[in-house]
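Fold and contact review
So you can see what is in the structure, the chains are spelled out below.
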Amino acid sequence: MRVSRKNIITKCIEGLSFVNLVSSFEQVDIFLKGKIEIAFDGLDTPLLFTVEILPQYPFKSYNEETIKFINQDLLAYKHVMGNGTICIHTSHSIHLKEKLNIDFNSLKNWIVKYYINKEEDNHYEHLIVPQHCFKNNKYTFTFTNVDYEFKKHDYGFVNLKFLNNGVLGDMSVTNFLTDSFVNSSGKELASCKWSLFYKSNPQKYHGIYIFVESPPAFHDRFVLLNWENFVDVFKLDFLKFLHHCEKDYINKKLKGQVIPLYIGYNIPNSEIHWQVALLEVGKFPIEGVKEHKKWITELTHGQITWAISHNVSYSYFFGRGAFSENITKKKILIIGIGAIGSIVARTLVKSGSLKIDLCDYDIKEPENVCRAEFQFANGLTDKVDELKSLLSLTSPFVEVRSVNQIYFESISKALFNDPNARKELEEFINSYDTIFDCTTDNDLMHVINQLKLSCDVINLSITNKAQELVCAFYPNIYGFVTHQFEKVLKQDTEDMYNPTGCWSPTFKASYNDINLLVQYALKHINLLYQKDLPKNNFVIETGSEIAFKLKLKEF
Amino acid sequence: MNITKSEHLENVLQTHRMTHIEDLLKKYREKRQDIKEAIEAEYSSDIYNPLNSGSYAKHTAINSKFDLDVMIPFKRDAFMTLEEMFNDIFDFLQEKYGSVAEVIKQKVSIGIEFYADDNGDIISIDIVPGRELNTGQYEDDHKLNLYVNSNYGELEAQSYIQTNIHAQIDHIKSKDNERKIIRLFKVWKTTNNENYKSFLLELITIKAFDKENIKGNLWEKLKAVMEYIRDHITKDNFTLKDPGNGGNDIADTLEDYEKRNLSNKMKNMLERIEDNEDNLKHYFPTNPDFEDEDKNGNGYGKKSGAASLFSRPPKNERFG
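Presented here is a report on the structure given in the accompanying data block. Numbers given to residues run from 1 along each chain, matching the order in which its sequence is written. Written order determines the labels here, with chains lettered from A and ligands numbered from 1. Per-residue local features are limited, in this predicted model, to residues with pLDDT of at least 70; the limit for side-chain atom pairs, both in listing and counting, is 80 or more; totals at the level of whole chains, interfaces and linings are taken over all residues. Hydrogens and waters are ignored; side-chain quantities use all the structure's heavy atoms.

**Concerning the overall build of chain B**
Across its full length, chain B holds 11 helices and 9 strands. Oriented by its inertia axes, the alpha-carbon framework of chain B measures out at about 70 × 50 × 40 Å. Accessibility here uses a 1.4 Å probe with only protein chains present; expressed as a share of the type maximum, an area under 20% marks a residue as buried, one over 50% as exposed, and anything in between as partly exposed. The proportion of buried residues among the 320 residues of chain B is 50%. Pairs of residues are marked as contacts when any of their non-hydrogen atoms sit within 4.5 Å. Sequence separation of at least 24 residues holds for 63% of the intrachain contacts in chain B that already meet a minimum separation of 6. What sets the accessible areas is the Shrake-Rupley method with a 1.4 Å probe; for residues, cover comes only from the shown protein chains. Accessible surface for chain B amounts to roughly 15800 Å². Of this, 42% is attributable to carbon and sulfur atoms. Taking the average place of the 45 positive charges on the side chains of chain B and the average place of its 58 negative ones, the gap between the two points comes to 6 Å. Counting from the N terminus, the helices are DSSP H or I runs at least four residues long and the strands are E runs at least two residues long. We treat Lys and Arg as the positive residues and Asp and Glu as the negative residues; His and chain ends play no part in the count. Taken as the charge location is NZ of Lys, CZ of Arg, CG of Asp or CD of Glu.

Below you can see the structure in the form of structure tokens.
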């Protein structure tokens, strides 16, 4: 006869020396629920837990354990969720008995570490904040660190920029960027560090801020949930300010609309964090109270509606991975934004670059989309214009500008033998730290190689079918690249893509073919900059079509 | 490659010979003579006979990039300090040639680069002032102290360096094989914008021939020297003694990472040439100004894409 899951679990738990079954496991809705007591040497008083086991157990679900150990009395201890669930992340096992053994031992470890020894973690965790909605809509507010030291009880206004409307879970969401903080007289105190693209967004909104210094929390971990908890935190003049603001909003016929209240406090590493409460105009949590024949403003009781707030400073945005600062902090110019150039641009931006200028005379046509970083939806546009927009949409920190393409395509060549024009061109190019020449224009390559430059120039091009990628560094560009293409690399230029109605055949290669080579090249270039290694020219070979393998050959 | 590697390298040396630029060289010699005479007139009894030095004197010069060097041996009591000597001759040359040339203080020499003449030729002469160590000693052993212009390079560089140009020239005398390799390295260094000092490449080449049994054709000899550099430059006890000053180890002028880079460079070059012989032409190109057209009838130097068909990209087309 097949032994029931409940019996296996019960028997297994009974077999654990430090666990006593207090009440047997029963099926309650989808849970198998029971009560246990943990007792072992070193633990003065046994601890009681409700245990809830989901049907998925021992598998995880939504990246969470499907067994819950719950004790509401332990909220004051580290890694306990608001409902009293102990937060454990344990080893993977698909075997029920083994997993039970692992999880109960993890619970025991938590008790030793955080209940008995009261250990502190080095890693800071943000307050646990419920995600409320306001009139069936969620709100998010992102901000960056700013160059300003807020003092306790500072208050004023927050300028916001609308980001977008979307869907979050089963609800609509409105996303805002924090633009700047101004004092109650309207003087700007601090500005968030977004790119001009976002800063110049005309859709402006605003909110109110107060800096309270200490985290608005109980047990150092859970955000306060009722306005009455702020009675000792908000001073009278701030409440008066709130009252005046609300009166003003009502006069402007904004009754019923949402006003975000940023509540700031210090966190480790000299940073501040903002939690954002949502106030409804006409229902601010304040009331007028007559005291000694004078009206004063007091906080009322009531649940706080919390929004979602995010610190999206550069260090967090690119915290998971970025290129070396020897690249990202440099002023970069990309000339030629076809397949290679647009992939270079997109990768640099995704890897943290802050200043990128683009130059190309070409227009983007639908056929370009399949292997370059462009989108069909934008129709026929200037390549620079579209890529500028795409890059700005990708990173809120990159400043992208377009460069007068006539300069490179026409003037630089026409006036190449004029010393003054050449000097001017040198000065212009030297105003950058790094140039990526992805034009495949041999004449421009020659022009640039002839200049006296103090900046880095990196030239990238590929052969038909993306069989090889050639990368050359100034000042060894023209001779090397032409020699490779003329003498060394054996490319087939007969099998080209030659669509009907087109006089100009183009090379064959997919996005995958090109991107693979460009990413490998960029990875190598990043390494050279990161480790300050000599910038030797290199060729990446892919081998034959039936025996594909990448090989980087340095010269 | 339609010709052998050795044939190509012989061609490289041939097209880089100084004899191709006899007319230009004549201008150089005249300028050098003019400067020598001016210095002799100015300093007369304070100096010994000026001496031609540098690559031209050592027969290791190449025609694509060179200058002429003149060593001026000052007597011990001509100046109180080496710095005074250096500044005094600089002031003199500046006064004398400042209106027709750029006169600049370099690390141990004073460079005189004449403005382009009617044919567009720019003549460049380096003057290296040195002072004997003790009164009259130069005539016995030719040792000199050079002033090291510390403003030019490293902050904590020493203020003087001892040298012996005669010994340096003797060191390479009658070493035809070594000279060929040194000239090839100069071609490599010039066309690939490498910063390694010619003197270092000269000494390491001579040492390679001295330590290893290097024989065979020109490519085999070059390859052997490149392998020697690849395998030895990074070794802890590797030294390159200056024949003009036994206490001066030229290998020490490279930082450890620069030695690693040079070794790596040789490794890359050897591997790339092994991969494809045509890469040899990238590292060691002929001087196109002096190529013998008849010799190149086999296709060398011809652009393969030049005759491509209308509306089909040439073979050398780049894409991106």
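**Observations concerning unusual backbone geometry**
Residue and element names in this part refer to chain A. Geometrically, the link from Tyr-57 to Pro-58 is a cis peptide bond, its omega value of 15 degrees lying close to zero. Looking at where Pro-58 falls in the secondary structure, it is placed in the loop between β3 (47–53) and β4 (67–70). Despite not being glycine, Ala-466 has its phi angle at roughly 50 degrees, a positive value. Position of Ala-466 relative to the elements: it lies in the loop between β23 (456–462) and β24 (468–473).

**Thoughts on the environment of His-166 of chain B**
All names here are of chain B. Among the secondary structure elements, His-166 is positioned in helix α6 (residues 165–172). By relative accessible area, His-166 is classed as partly exposed at 25%. Along the sequence, His-166 and Leu-51 sit 115 residues apart, while their C-alpha atoms lie 9.0 Å from each other. Discounting chain neighbours no more than four positions away, the residues touching His-166 are Leu-51, Tyr-138 and His-142.

**Description of the nonpolar core**
In terms of nonpolar packing, the biggest core is built from 68 residues, with Phe-185, Trp-188 and Phe-284 of chain B touching the most fellow members. Residues in contact with Phe-284 of chain B, not counting those within four places in the same chain, are His-8, Leu-9, Val-12, Leu-184, Phe-185, Val-187, Trp-188, Leu-222, Met-226 and Met-269 of chain B. The set of buried Ala, Val, Leu, Ile, Met, Phe, Trp, Tyr and Cys residues whose side-chain atoms join them within 4.5 Å is what this entry labels a nonpolar core.

**Concerning the environment of Ile-3 of chain B**
All names here are of chain B. Mapped onto the elements, Ile-3 comes out in the segment before α1 (5–15). Residue classification places Ile-3 among the buried residues on the basis of a relative accessible area of 17%. The spatial distance from the C-alpha of Ile-3 to the C-alpha of Asp-278 is 10.0 Å, given a sequence separation of 275 residues.

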